[in-house]
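Notes for the structure review
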Amino acid sequence: QVQLVESGGGLVQAGGSLRLSCAASGRTFSSYYAMGWFRQAPGKEREFVAAISWGTSSPYTADSVKGRFTISRDNAKNTVYLRMNSLKPEDTAVYYCATRTVARATMREDDYNYWGQGTQVTVSS
């Protein structure tokens, strides 16, 4: 099994920044796995935010956050990060970390096998 624990969420004013972290653990987790971030706003479906393959090259980022959010990973720590700058009220959501048991990341929610519990991000105007 794989456990994912997100942290770093909170309340921030518009224009501010946050950095989310997701620590992976478990007997079957491998640092070769792809990892991603998704989010779900109130009353909306969960949507893709960013994802990164094992090799950290060519991460995927949703158009809605491109230029503001950056995904990165530290394989030695089995941790993935989401740096969020220039936050907007529409970024308010529960942010979920996910991993899939292959090296290549995708933007499809259904491709991910394990999910964290989520961390709330609230951006005030």
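About the thresholds
- Residues numbered from 1 in each chain as written.
- Predicted model: local features only at pLDDT ≥ 70, side-chain atom pairs only at ≥ 80, totals over all residues.
- Heavy atoms only, no water.
- Disulfide = S-S within 2.5 Å.
- Helix = DSSP H or I, 4+ residues; strand = E, 2+ residues; numbered from the N terminus.
- Buried < 20%, exposed > 50% of the residue type's maximum accessible area, 1.4 Å probe, protein only.
- Contact = heavy atoms within 4.5 Å.
- Polar contact = N/O pair within 3.5 Å; in protein donor to acceptor, adjacent residues only side chain to side chain.
- Core = buried A, V, L, I, M, F, W, Y, C linked by side-chain atoms within 4.5 Å.
- Pairing = 2+ DSSP bridges.
- Axes fitted to C-alpha atoms, helices over the stretch in contact; angles between N-to-C directions.
- Salt bridge = Lys/Arg side-chain N within 4 Å of Asp/Glu carboxyl O.

Counting across every chain of the model gives 1 disulfide. Cys22 shares a disulfide with Cys97; S-S distance 2.1 Å. Taking the torsion about the S-S bond as the criterion, the Cys22 to Cys97 disulfide, at about -80°, is left-handed. In this pair, Cys22 sits in strand 3 (residues 18–25) while Cys97 sits in strand 9 (residues 93–100), placing the two residues 75 residues apart along the sequence. Just as Cys22 is buried, Cys97 falls in that class too.

Now for the environment of Leu4. The residue Leu4 is located in strand 1 (residues 3–7) in this model. In sequence terms Leu4 and Ile71 are 67 residues apart; their C-alpha atoms lie 16 Å from each other. Excluding anything up to four places from it in sequence, Leu4 contacts Cys22, Ala23, Ala24, Met35, Cys97, Ala98, Thr99, Tyr114, Trp115, Gly116 and Gln117.

Now for the side chain of Arg39. Inspection of the secondary structure assignment puts Arg39 in strand 4 (residues 34–40). Among the polar contacts made by the side chain of Arg39, one reaches the side chain of Tyr95 at a distance of 2.9 Å. In this view, Arg39 contacts Glu45, Arg46, Glu47, Val49, Ser64, Val65, Phe69, Glu90, Asp91, Ala93, Val94 and Tyr95; residues no more than four positions away in its chain are not counted.

Glancing now at the nonpolar core. One recurring pattern in soluble globular proteins: nonpolar side chains tend to sit buried together. Of all hydrophobic cores here, the largest spans 35 residues; its most connected members are Trp37, Leu82, Met84 and Tyr95. Residue assignment for this core shows that the elements contributing at least two residues are strand 3, strand 4, strand 5 (47–52), strand 7 (69–74), strand 8 (79–84), strand 9 and strand 11 (119–124). In terms of residue count, the dominant contributor to this core is strand 5 (5 residues). Discounting residues that sit within four places of it in the chain, Tyr95 has contacts with Glu6, Leu20, Trp37, Phe38, Arg39, Val49, Phe69, Leu82, Met84, Gly118, Thr119 and Val121.

A few words now on the sheet that holds strand 7. Here we have 4 strands laid out as an open sheet, ordered 1-3-8-7, and antiparallel in their pairing. One side of each edge strand has no neighbouring strand; the edge strands of this open sheet are strand 1 and strand 7. Each strand of the sheet is rotated relative to its neighbour by a mean of 15°, with strand direction disregarded. Pairing of strand 1 with strand 3, which is carried by 5 bridges, proceeds in the antiparallel orientation. In the strand pairing of strand 3, Glu6 is matched with Cys22.

Turning our attention to the pattern of salt bridges. Throughout the structure, instances matching the rule amount to 6 salt bridges. Between Asp91 and Arg39 there is a salt bridge; the shortest N-O distance is 2.9 Å. Placement of the pair is Asp91 in the loop between strand 8 and strand 9 and Arg39 in strand 4, with a sequence separation of 52 residues. As far as burial versus exposure is concerned, Asp91 and Arg39 are alike and both buried. Between Asp91 and Arg68 there is a salt bridge; the shortest N-O distance is 2.7 Å. One end of the pair, Asp91, is in the loop between strand 8 and strand 9; the other, Arg68, is in the loop between strand 6 (60–61) and strand 7, and 23 residues separate them in sequence. One exposure class covers both Asp91 and Arg68, and it is buried.

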